[in-house]
Amino acid sequence: MSLSFMRLSDLASRVLACFVALWLAAPVMARARPPSPAQMDKDLLEVTIPQLQRYYASHTYTVVQVVQWYLARIERYNGVYRALETVLQSQALAAAAMEDSQAAAGSGQHGPLWGVPIVIKANTSIEGQVTTDGWAGFKVPGHELIAPRDATIVARLRAAGAILLGQANMPDFANSDTNRSSSFGRTGNAYDVRFSPGGSSGGIVTAVTANMAVLGNGSDTGNSIRMPAATSALIGVFPTRGLVSIAGVAPLDWLLDDVGPIARNVTDAAIALSVMAGEDPLDPRTAGATDAPPGPYTRYLKADALKGKRFGVPQFILQGSGIPFHGLPAAVPDEAAKQLEAEQAIALQPATRAVFMKAIDELRAAGATVVFDDSILPASFASTASRVSTYAYVREGTQKFLNIYGPAQYHSAEQYAQALGQPLAPPILGEDPLYARFGDVVISQHNIEEDPDAEVNYYGPRRRTLQAFLETLDRLHLDGYVYPAIQMPPPDETMPQNGHLSDGPHSATGWVNMIGVPAVVVVGGFYAGGLPFGLEFSARPWSDGQLLGYAYAWEQATHHRHAPVLVDHGLLADAP
């Protein structure tokens, strides 16, 4: 009874806040001439943050009017593409009306995301909302994982003026290369709903590229910002690990997890990263954020940033060498490790190689030198990275998350099992047999701070992999690496892959997570069939600003992005 009362009271307070905010904004809205729908479509489709804020400053549109435009697009298209699991309509309108009322009163400075409609991935805590993490087990009626507070990045985005439109669909626990969840179903690619948008930030990329929001946040454990961005003609930023806090983001593997912005253009991504970045006591790794170059990151965006730069092409990616997800502990014999690496190999498909080589020509035309050499991160680099073993510490990340961001009923895996009469799922407990056993080697769970094997299994291999990454840059005087973000085009999910239900496109980029270096995906072009190709750059730790500069120069030299043509009915709304 008390829980129901609290929920009703919370709902009533939210509704009241909405009405109060709308009443306060009424003078602003009354003065604004009702906009023409056709003109709004022209102005807001593909709008950038600077353009949007010029519309606000000139009183062309109010924040409420803009939010209503985005909500109308969500209403029209979300039923087909299934990008958003939850739409926060009343909360978004209330926040928009409050910003309009504050603007009318002339109260203070506007934040860098003033009135910018955004979407939040469903593994990211929003106070008072269910953090589904894509899993039906966090939506059990009466036992939902209702966030008691905002994730650090959500709090920062709100404080900067962003308007939260909804929570984006994702696969269970972010543990898939496509976007099919037990809590909401399948998300389609905005360029062709039959095809995969990639995972696990597939809901975010479909919403952003389809102009259902200006930008969103992604999380990335093995490729989950970059690979979906590549499928959908977007900019995906994987920051140096420690630049952006992961506190409040439900972990898949907290030693590999990272968080960054996904946007339609580099300028918007740079603005969002400037807001998201910074130290956070809830994420000790962000203590290193003091090593980052000073922001805002827009200061690095120069059209000639590629001129004179040198980039190497990793050979193991061209060869399709495999790096097992979560890595392999030292106890796995070398011969068995080689066999597992071979099983995880992902060939670079001919269509992807062809469009990549075309992008290399464009990169050279923009003033860069691109180096192909058999010694640039060869197959031996992939073998070294394969030994960065993190699965023994997965449960620790889950426990830390639930301790702070779990609901009143459960703040640990044990309390979840007691409250629901069933355990949490194996992937986030470190009990998935696919990763917990390799022949006779069984990976048991430990806290990394107390594990005597952490040096041989994690810290040592990570240092050696990062050293190999940096030594190659130094030896060949490279400014970074460039390579395809995915080994193949997005697959048609109406067709089986290798005789099975599609499990999405795949990449060979999980090594970036293992060493925590920054990477950014840009719109690299389009395949002959009309689906996007993504080009990825990576570079030294804390060179995030320079990477965004390269991305901006590429964007200005090529202008590859174009918006998808959407459908508003039919076409696989109920696809598996």
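A brief structural summary. Remember, predicted model here, so these are calculated numbers, not experimental data.

1. Considerations on the overall build of the chain
When you go through the chain residue by residue, the secondary structure sums to 19 helices and 15 strands. Taken over C-alpha atoms, the radius of gyration comes to 23 Å for the chain, in line with the 25 Å a tight globule of 576 residues would show. When its C-alpha atoms are laid out on the principal axes, the chain stretches across 70 × 60 × 50 Å. A burial count over the chain gives 60% of its 576 residues as buried. A sequence separation of at least 24 residues applies to 78% of the contacts in the chain between residues at least 6 apart. Summing over all exposed atoms, the chain offers an accessible surface of approximately 21,900 Å²; the carbon and sulfur share of this is 56%. Once the 40 positive and 54 negative side-chain charges of the chain are each reduced to a mean point, those two points are 6 Å apart.

2. Observations concerning the sheet that holds strand S10 (residues 369-371)
Read across the open sheet, the 11 strands follow the order S1-S3-S2-S6-S8-S7-S14-S15-S13-S9-S10; overall the sheet is mixed. What marks the edges here is a single partner per strand, and that holds for strand S1 (84-87) and S10. The sheet shows a mean angle of 30° between the axes of neighbouring strands, taken without regard to direction. When strand S6 (residues 215-220) meets strand S8 (residues 258-263), the two strands line up antiparallel, connected through 6 bridges. Looking across to S8, one finds that Asp-220 is bridged to Asp-258.

3. Side note on the pattern of salt bridges
In total, this model carries 19 salt bridges according to the counting rule given. Arg-186 is paired through a salt bridge with Glu-493; the nearest N and O atoms lie 2.7 Å apart. Placement of the pair is Arg-186 in strand S5 (residues 185-186) and Glu-493 in the loop between strand S13 (480-484) and helix H18 (511-515), with a sequence separation of 307 residues. Each member of the pair Arg-186 and Glu-493 is classed as buried. A salt bridge links Arg-194 to Asp-192; the shortest N-O distance between them is 2.7 Å. Under the relative-accessibility criterion, Arg-194 is labelled partly exposed at 36%. Where salt bridges share partners, they join Glu-46, Arg-264 and Arg-561 into one cluster.

4. A short note on the packing of aromatic side chains
Between two aromatic rings, the relevant description is the distance of the centres plus the angle of the planes. Counted by the stated rule, this structure contains 23 aromatic pairs. With a centroid separation of 4.9 Å and 90° between ring planes, the pair formed by Trp-135 and Phe-138 is classed as edge-to-face. Both residues of the pair, Trp-135 and Phe-138, belong to the buried class. Of the aromatic side chains, those joined through ring pairs into one cluster are Phe-316, Phe-381, Phe-469, Tyr-481, Tyr-483 and Trp-511. Residue placement shows Arg-82 over the ring face of Phe-184; its charged tip is 3.9 Å from the ring centre. Positioned above the aromatic ring of Trp-254, the side-chain terminus of Lys-400 is 4.4 Å from the ring centre.

5. Observations concerning helix H9 (residues 266-276)
Judged by how many residues are buried, H9 sits mostly within the fold: 10 of 11 residues are covered. Of all the residues in H9, the buried ones are Val-266, Thr-267, Asp-268, Ala-269, Ala-270, Ile-271, Ala-272, Leu-273, Val-275 and Met-276. On the buried face of H9, the contacting elements are helix H3 (49-57), helix H6 (152-159), S6, strand S7 (235-238), S8 and helix H19 (544-558). Looking at where H9 begins, the residue whose side-chain oxygen comes 3.2 Å from the main-chain nitrogen of Thr-267 is Asn-265. Taken from the residues just after H9, Gly-278 is the one with a positive phi, measuring 135°.

6. A short note on the environment of Asp-41
Structurally, Asp-41 is set in helix H2 (residues 37-44). Residues Asp-41 and Trp-69, spaced 28 residues apart in sequence, show a C-alpha to C-alpha distance of 8.3 Å.

What counts, and at which threshold
- Residues numbered from 1 in each chain as written.
- Predicted model: local features only at pLDDT ≥ 70, side-chain atom pairs only at ≥ 80, totals over all residues.
- Heavy atoms only, no water.
- Helix = DSSP H or I, 4+ residues; strand = E, 2+ residues; numbered from the N terminus.
- Rg over C-alpha atoms; globule rule 2.2 N^0.38 Å.
- Buried < 20%, exposed > 50% of the residue type's maximum accessible area, 1.4 Å probe, protein only.
- Contact = heavy atoms within 4.5 Å.
- Areas by Shrake-Rupley, 256 points an atom, 1.4 Å probe, with all protein chains shown as cover.
- Lys, Arg positive; Asp, Glu negative; His and termini not counted.
- Charge placed at Lys NZ, Arg CZ, Asp CG, Glu CD.
- Pairing = 2+ DSSP bridges.
- Axes fitted to C-alpha atoms, helices over the stretch in contact; angles between N-to-C directions.
- Salt bridge = Lys/Arg side-chain N within 4 Å of Asp/Glu carboxyl O.
- Phe/Tyr/Trp six-rings, centres within 6.5 Å; stacked < 30°, edge-to-face > 60°.
- Lys NZ or Arg CZ within 6 Å of the ring centre and 35° of its normal.
- Polar contact = N/O pair within 3.5 Å; in protein donor to acceptor, adjacent residues only side chain to side chain.

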